[in-house]
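# Report on the structure
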2 protein chains.
Amino acid sequence: MSLRHAILGLLARSPSTGYELTRKFDRSLRTSWHASHSQIYPELAKLERAGLVEVVSRGARRSKTYGITDSGREELRHWLVEAEPDRSQRNESGVRLFLTPLLDPADRHATYERDLSHVEVELDGLEELRAQVNASEMPEPFAPQIELGIRINTVIRDWLREQLDNGG
Amino acid sequence: MSLRHAILGLLARSPSTGYELTRKFDRSLRTSWHASHSQIYPELAKLERAGLVEVVSRGARRSKTYGITDSGREELRHWLVEAEPDRSQRNESGVRLFLTPLLDPADRHATYERDLSHVEVELDGLEELRAQVNASEMPEPFAPQIELGIRINTVIRDWLREQLDNGG
DNA sequence: AAATGACATGTCGTTTCTTACATGTCAACC
DNA sequence: GGTTGACATGTAAGAAACGACATGTCATTT
């Protein structure tokens, strides 16, 4: 059950409302896990009942800001360090890329082009994020993770360009 | 619904039994999609009812070998080329890697070590596969995909080594 | 002759996820 | 004063996925 641990992780970084968590899943966690608000709100309620998170403040528009509790931190650490990692993945783009050689050259070219545009946009976003982090005074402990994202996307971009150049 | 298209894709490469598909998901598609036999058999039955696959032969132990039909190929092509790709991912390892900076140095080191061992094994497997393909007479249309897998895993391996070297 | 283990196909209950429905708050603009 | 749009939180039905249960085949080994 990664959803709960992803939520715990985001709350360990900073207290958030369900609405903010939804946006964070869509931004920082986009390339690793997806969750919509209809999953997040019920899960927050469950986590609260289990004592792993708590409401730390209430704001405008009925918003509730949740924070992680000590036992939440313990659970998160256990999952990250002790638990056997589940390496299985669900990545539709990966399936597509894997099956692309089945297509005739014209279709193959079109899908590689489409993927290339997407990766380039992705890379631009990550590079901008890196620039922001570098320019800021605050040390950013997640900088290496940004760097990894850039490197992986660069490899994919270059590979796609090669395929297009080689009539792939 | 990627499962059905992943199955169609595997059957487009070569006719297979449900049992063989289960192993193929676990081998070639492991890094992109996971499915167990309890999903595969019912899905094959659905695909057959929909006329996208058909039983092409029956063998020992009640086994049924399925092949893709023309309308299955059409559906597969449509999904690969025309349909709007779903870029959302589910990758527990990615979530872990993303959250690792929350850990203290000792725990962080331990998890990076664990991930490094895993990536190294993965890489060995891929490099062996590439060597087999290179040694074989048959041209392998999926060679570039193997190459991409190697490059991505190499980037991750090097990044993990850097983190370990920098006391990360 | 019996046991083992890979091959082979299925079902079932529970959990997880998606999509759509539903409601309400607040600031800014027209 | 009304509209728009971002903010904000929920529920519910149905689909997909997981883990456990269940059954049987066949070749090899003991």
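Check the entry above for the structure.
Before going into details, it helps to say that this report is about the structure given with it. Per chain, residues are indexed from 1 in the order of the written sequence. Following the order in which they are written, the chains are lettered starting with A and the ligands numbered starting with 1. Only residues with pLDDT of at least 70 get local features here, since the model is predicted, and only at 80 or more are side-chain atom pairs given and counted; chain-wide, interface and lining totals rely on the full set of residues. To obtain the side-chain values, all non-hydrogen atoms of the structure were used and water was disregarded.

Helix and strand definitions here come from DSSP, where helices need a minimum of 4 consecutive H or I residues and strands a minimum of 2 consecutive E residues; each element is numbered from the N-terminal end. Along the backbone of chain A there are seven helices and four strands. Start at the N end of chain A and walk to the C end: the helices and strands fall as α-β-α-α-β-β-α-β-α-α-α. We compute the radius of gyration from the C-alpha atoms alone; for a globule the expected value is 2.2 Å times N to the 0.38, where N is the number of residues. For 168 residues, the compact-globule estimate of 2.2 N^0.38 gives 15 Å, and the C-alpha radius of gyration of chain A, at 20 Å, exceeds that figure by more than 25%. Taken along the three principal axes of its C-alpha coordinates, chain A extends 55 × 40 × 35 Å. Accessibility here uses a 1.4 Å probe with only protein chains present; expressed as a share of the type maximum, an area under 20% marks a residue as buried, one over 50% as exposed, and anything in between as partly exposed. Relative to its full complement of 168 residues, chain A shows a buried share of 46%. What makes two residues a contact is simply this: any of their non-hydrogen atoms within 4.5 Å. Taking all contacts inside chain A whose residues are at least 6 apart in sequence as the whole, residues at least 24 apart take part in 51%. Taken as a whole, chain A presents about 8,900 Å² of accessible surface, with 50% of it coming from carbon and sulfur. A distance of 7 Å separates the average location of the 23 positive side-chain charges in chain A from that of its 27 negative side-chain charges. For accessible areas, the Shrake-Rupley method is used with a probe of radius 1.4 Å. Any residue's cover is judged against the shown protein chains and nothing else. Counted as positive: Lys and Arg. Counted as negative: Asp and Glu, with His and the chain ends omitted from the count. Note on charges: their place is set at NZ of Lys, CZ of Arg, CG of Asp or CD of Glu.

Another point: the packing of helix α5 (residues 92–99) of chain A against helix α1 (residues 2–13) of chain B. In the contact formed by α5 of chain A and α1 of chain B, the axes pass within 11 Å of each other and the chain directions differ by 15°. As far as their axial angle goes, α1 of chain B and α5 of chain A are roughly parallel. Relative to α1 of chain B, α5 of chain A is oriented so that their crossing is left-handed. Contacts from Glu92, Val95, Phe98 and Leu99 of chain A of α5 of chain A reach α1 of chain B at Ser2, His5, Ala6, Gly9, Leu10 and Arg13 of chain B. Under the grouping applied here, Gly and all other residues not named as nonpolar or charged are polar, the nonpolar ones being Ala, Val, Leu, Ile, Met, Phe, Trp, Tyr, Cys and Pro and the charged ones Asp, Glu, Lys and Arg. Class assignment of the residues belonging to the contact of α5 of chain A with α1 of chain B gives a composition of five nonpolar, three polar and two charged. Working convention: axes come from line fits to C-alpha atoms, limited for helices to the stretch in contact. Angles between N-to-C directions cover 0 to 180 degrees. An angle below 35 degrees is read as roughly parallel, one above 145 as roughly antiparallel, one from 65 to 115 as roughly perpendicular, and any other as oblique. By definition, turning the near helix anticlockwise from the far helix through less than a right angle yields a left-handed crossing, and turning it clockwise yields a right-handed one.

Moving on: the protein's contact with DNA strand C. Taken together, 22 residues lie around DNA strand C, and Ser38 and Gln39 of chain A together with Tyr19, His37 and Lys64 of chain B are the ones closest in. Think of it this way: one heavy atom of a residue within 4 Å of a molecule or strand is enough to make that residue near it. A breakdown of the atoms of DNA strand C within 4 Å of the protein gives sugar and phosphate a share of 68%. Within the side chain of Ser38 of chain A, an N or O atom sits 2.7 Å from a base oxygen of DNA strand C. N or O atoms closer than or at 3.5 Å make up a polar contact, with two conditions inside protein: a donor-capable atom paired with an acceptor-capable one, and, for residues adjacent in sequence, both atoms drawn from side chains. Separating a phosphate oxygen of DNA strand C from a backbone N or O atom of Gly18 of chain B is a distance of 3.4 Å. Contributions of two or more residues to the surface near DNA strand C are made by α3 (37–49) of chain A together with α2 (18–26) and α3 (37–49) of chain B. For the surface near DNA strand C, the residue count by class is five nonpolar, nine polar and eight charged.

Time to look at a negative patch on the surface. Residues and elements named next belong to chain A. Judged by side-chain charge, Glu48, Glu54, Asp70 and Glu74 come together as a negatively charged surface patch. Mapped onto the secondary structure, Glu74 falls in helix α4 (residues 70–82). Glu74 gets classed as exposed once you look at its relative accessible area, which sits at 61%. Here the term patch refers to residues with relative accessible area over 30% and no salt bridge, with like charges joined within 9 Å and nonpolar side chains (Val, Leu, Ile, Met, Phe, Trp, Tyr) within 5 Å. The term salt bridge refers to a pairing of a side-chain nitrogen on Lys or Arg with a carboxyl oxygen on Asp or Glu at a separation within 4 Å.

Another point: the pairing of strand β2 (residues 53–58) of chain B. Looking along a regular strand, one sees side chains alternate from face to face of the sheet. All names here are of chain B. When β2 meets strand β3 (residues 64–68), the two strands line up antiparallel, connected through five bridges. Looking at the pairing, Ser57 lines up with Thr65 of β3. At least two bridges found by DSSP between two strands is the condition for calling them paired. Taken together, β2 and the strand that follows it, β3, pair antiparallel across an intervening segment of five residues, in which Arg61 is found at a positive phi of about 55°.

What follows deals with the relation of the copies chain A and chain B. With an axial shift of 0.0 Å and an RMSD of 0.0 Å, the rotation relating chain A to chain B amounts to 180°. Such a turn and shift between the copies fits a two-fold axis. When C-alpha distances to the rotation axis are compared across chain A, the minimum falls at Arg90 of chain A, with a value of 2.5 Å. A high fraction, 98%, of the interface residues of chain A reappear at the interface in chain B, so the copies pair face to face through one surface. Overlaid copies result from least-squares superposition on C-alpha atoms, with residues included only where pLDDT is at least 70 in both.

The interface is formed by 59 residues belonging to chain A together with 59 residues belonging to chain B. Note: buried area is the sum, over both parts, of the accessible area (probe 1.4 Å) each one loses when the two are combined. Regarding the contact of chain A and chain B, the summed buried area is about 6,100 Å², with carbon and sulfur atoms giving 60% of it. The three residues of chain A that bury the most area against chain B are Arg87, Arg90 and Phe98 of chain A, which together make up 13% of that side's buried surface. At the junction of chain A with chain B, the criterion picks out six salt bridges. With a closest N to O distance of 2.9 Å, Glu162 of chain A and Arg151 of chain B form a salt bridge. Along the contact surface separating chain A from chain B lie 29 residue pairs in polar contact (both at pLDDT 80 or more).

Okay, the packing of aromatic side chains next. Aromatic pairs are defined between Phe, Tyr and Trp rings, using the six-membered ring for Trp, whenever the two ring centres lie within 6.5 Å; interplanar angles under 30 degrees are classed as stacked, those over 60 as edge-to-face, and all others as tilted. Within the structure shown, the criterion is met by four aromatic pairs over all chains. Taking the centre distance of 5.6 Å and the plane angle of 90° together, the rings of Tyr112 of chain A and Trp159 of chain A count as edge-to-face. Residue Tyr112 of chain A is located in helix α6 (residues 105–135), and its partner Trp159 of chain A is located in helix α7 (residues 143–165); the two are separated by 47 residues in the primary sequence. We classify Tyr112 of chain A as buried; its relative accessible area is 3%. By definition, being over a ring means that NZ of Lys or CZ of Arg is both within 6 Å of the ring centre and within 35 degrees of the ring normal. One Lys or Arg, Arg96 of chain A, reaches over the ring of Trp79 of chain B and ends 4.2 Å from the middle of that ring. Above the face of the Trp33 of chain A ring, Arg90 of chain B is positioned so that its terminal group lies 5.0 Å from the ring centre.

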